[in-house]
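What follows is each chain in one-letter form.
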Amino acid sequence: MANNAWWGEFTFSLQQQRCWQLGERTIILKRLENEWNSWNLETDTESDEPMVVGELDDNCCIEQAKFGRYLQQHTSEKVQVLPLLADRSVVARPDTPLTLLAGEKARLYVSTPIWFSAKLEPKGECLLDLPFWRPSDSWFGPSTRVGQICYAKYTAARIQLTNIEKRPHRAITPISVINNHDQPLTIERINVPVTLLHLYADEEHQLWTTGMSVHRGSHVDNVELHLDKHAPVEALSSTLISNPRVATGQSILIRSISSLFA
Amino acid sequence: MKDIVAFIELLKASHLFALSQALLLFIIGFIFARLISSAVVKIVKHKMTAHGQLFLKRSIFYSILVLVTISALDNVGIDLSILLGAAGIFTVALGFASQTSASNLISGLFLMIERPFSITDVIKVNDITGEVISIDLLSVKLRTFDNLFVRIPNESMIKSAVTTMTKYPIRRADLKLGIAYKEDIEKVRKILLDIAAKNLICLEEPAPVFILTGFGSSSIDIQFSVWARRENFLALKNSMYTEIKKAFDQQGIEIPFPHVSLYAGTATKPFPVATTLDKGTEIGDSEK
């Protein structure tokens, strides 16, 4: 992981361009007098290489990239680049179903994809809001009539912090699951409501989200979902990077078990 | 001045004054009903669907109009109890005379209450598919995707099977495929599942379904069903068929088409097929 953060406030002089590169995945921004130009070069396979921010060495990839033009009467020189969590909930599916025995608790770590957002200073007009790698669509709900459109993602659902791969385009969500029911809880899929979570960066610039804790009581079908108010304890010397996409004052939500696990 | 007063007195004494008053009341009531129904809909606009807005607007408008009409008739001096009796007889007569319209009217009320579809929904009635642009008392109006205006009487809507294509957020696309008899079915299944997994608009859940539908005359028939958001339905179908063709070509999996051989009867072999070249060209191997 690179030591320098790829987000923050960037100053662009006229005709200057900057690019953010993760392997071959490239996003380029260029400032002109009356417009901003962007080039978005997507790739099929995810890269775990560190993010490189700088000038583009050659313009070979620009021809294949998706081009965008954003007009302004006079372009401002400052752009705020931020990582954002996905714009829908992410359904994480562990490689193998997990079974939490009755009366037990566990802390899982699920990583979810990050979006690249660029906003113009000082008004905050959105220039770009796009994923580094767009996850596949999925449906999460008790039936094909009731539910919500989410993103799908396979996850190893680590339970050891040391096993987590730290990647610049992923954020890690710690999920504590407490099973106070007298039956084991089988977790085949977990719905991570990332639109409600804050995003933090630790001292190594690894991204973390607000932690969640899921409490399954003795009642048959109810779970309580608590969203923590602070950064997770695993994120050392963390700083707040971005607020949730959907503002909610509630930290405790009560949902049916089928809306969180399947 | 005296003449004017005398004229007004004359008017008051005659039915003309009452009639004018009733007419004025009706016109004011009509405008008032229009204004009130529009104002109420404007207030609740953001909380209701287009269908709900239309229903609310019409309910308010017609309720006020009925009250105003009753008031106007009362002003003229018409006894409403007699009128209602007459209306009963008139309705029977009218009912016989305008069965179709009455049937459409009642069907329209049922459609509004039952709400099998709303304005902006895409529906299919018989062979007509289009977006609902209006649900009126006598008919439903559609805009087809080739931009035609279609009016379907409400009675037909009640009697026919209506498919609402935009009722649920996700839809399943059933892809019909055929592979040659020599192909490995398990390999084909894996290729198809892999294509679905890589397609971003193909929903991971509900999972794709692979069904062998039978042994056809020229191919092993397969139904591969994949889910998408309803907005992406056509895009998914197109992209899946394109990717399947590409993957089958790459993997050397044959997509067969019906083979026809000429046969003259039970005792003879099939006709030999040979090609005939144009004059001036060399004789090919088939003619040697």
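Residue indices begin from 1 for each chain and proceed along its sequence in written order. Both sets of labels track the order of writing: A upward for chains, 1 upward for ligands. Side-chain atom pairs in this predicted model are given and counted only at pLDDT of 80 or more, local residue features only at pLDDT of at least 70, and totals for whole chains, interfaces and linings cover all residues. With hydrogens and water set aside, each side-chain value is computed from the structure's full complement of heavy atoms.

What about the domain arrangement of chain B?
Here is step 1 of the chain: According to the domain assignment, chain B contains domain 1 (11-106), domain 2 (114-164) and domain 3 (170-251).
Here is step 2 of the chain: What marks off one domain from the next here is an automatic or database domain assignment. Centre-to-centre separation of domain 2 of chain B and domain 3 of chain B, based on C-alpha positions: 32 Å.

Concerning the side chain of Asp121 of chain B
Residues and elements named next belong to chain B.
Here is step 1 of the chain: Summarising the element assignment, Asp121 is placed in the loop between helix 5 (99-114) and strand 1 (122-125).
Here is step 2 of the chain: Within 3.5 Å is the distance limit for a polar contact, defined as a pair of N or O atoms, with the added protein rule that one can donate a hydrogen and the other accept it, and that residues adjacent in sequence qualify only through two side-chain atoms. At a separation of 2.8 Å, a polar atom in the side chain of Asp121 contacts the side chain of Thr166.
Here is step 3 of the chain: Whether two residues are in contact is decided by their heavy atoms, any of which lying within 4.5 Å being enough. Contacts of Asp121, omitting those with residues within four sequence positions, involve Gly130, Glu131, Val132, Thr164 and Thr166. Secondary structure follows DSSP: runs of H or I at least 4 residues long count as helices, runs of E at least 2 residues long count as strands, and numbering of each begins at the N terminus.

Quick look at the pairing of strand 2 (residues 128-135) of chain B
Residue and element names in this part refer to chain B.
Here is step 1 of the chain: Strand pairing follows a simple DSSP-based rule, namely that at least 2 bridges must link the two strands. Relative to strand 2, strand 1 runs antiparallel, the two sharing 4 bridges. For Lys124, the partnering residue across the bridge sits in strand 2 and is Thr129.
Here is step 2 of the chain: Turn length for the strand 1-strand 2 hairpin, with the two strands adjacent in sequence and antiparallel, is 2 residues, and the turn residue Asn126 shows positive phi of about 50°.
Here is step 3 of the chain: Pairing of strand 2 with strand 3 (residues 139-144), which is carried by 5 bridges, proceeds in the antiparallel orientation. The residue bridging Glu131 from the neighbouring strand is Arg143, located in strand 3.
Here is step 4 of the chain: Counted along the chain from strand 2 to the antiparallel partner strand 3, the turn is 3 residues long.

Topic: the UniProt feature "transmembrane region" (unreviewed entry) in chain B
All names here are of chain B.
Here is step 1 of the chain: UniProt positions are given in the numbering used here, feature names are shortened, and annotations may be inferred rather than shown by experiment. Cross-referencing UniProt, the feature "transmembrane region" (unreviewed entry) maps to residues 15-33, 54-72 and 78-97 in the present numbering.
Here is step 2 of the chain: In the segment residues 15-33, helix accounts for 100% and strand for 0%; the C-alpha atoms at its two ends are 26 Å apart.
Here is step 3 of the chain: Annotation note: span residues 54-72, helix share 100%, strand share 0%, distance between end C-alpha atoms 27 Å.

Overview of helix 5 of chain B
An α-helical turn contains 3.6 residues, so any two residues separated by three or four positions project in the same direction.
Residue and element names in this part refer to chain B.
Here is step 1 of the chain: Between its terminal C-alpha atoms helix 5 stretches 22 Å, which fits the 22 Å expected from 16 residues at 1.5 Å a residue.
Here is step 2 of the chain: For helix 5, the full list of buried residues reads Asn104, Ser107, Gly108, Leu111 and Met112. With its buried residues spanning 140° around the axis, helix 5 presents them on a single face. Turned more than 90 degrees from where helix 5 packs its buried face, Gln99, Phe110, Ile113 and Glu114 sit exposed.
Here is step 3 of the chain: Tucked into the core, helix 5 has its buried residues touching helix 3 (50-76), strand 2, strand 3, strand 4 (149-153) and helix 6 (154-159). Helices are assigned an expected span. That span is 1.5 Å times one less than the residue count. Think of it in three bands: residues with accessible area under 20% of the maximum for their type are buried, residues over 50% are exposed, and the middle band is partly exposed, with areas taken using a 1.4 Å probe on protein chains only. The arc in question is the one spanned by the directions pointing from the helix axis to the C-beta atoms.

What about the nonpolar core?
All names here are of chain A.
Here is step 1 of the chain: For our purposes a nonpolar core is just a set of buried Ala, Val, Leu, Ile, Met, Phe, Trp, Tyr and Cys residues, chained together by side-chain atoms within 4.5 Å. Among the nonpolar cores identified, the biggest contains 51 residues, and Trp6, Trp20, Phe116 and Phe132 are the most heavily contacted of them.
Here is step 2 of the chain: Counting residues per element, this core draws most heavily on strand 10 (residues 105-120), which supplies 7 residues.
Here is step 3 of the chain: Both domain 1 (8-83) and domain 2 (86-113 + 135-259) contribute no fewer than three residues apiece to this core.

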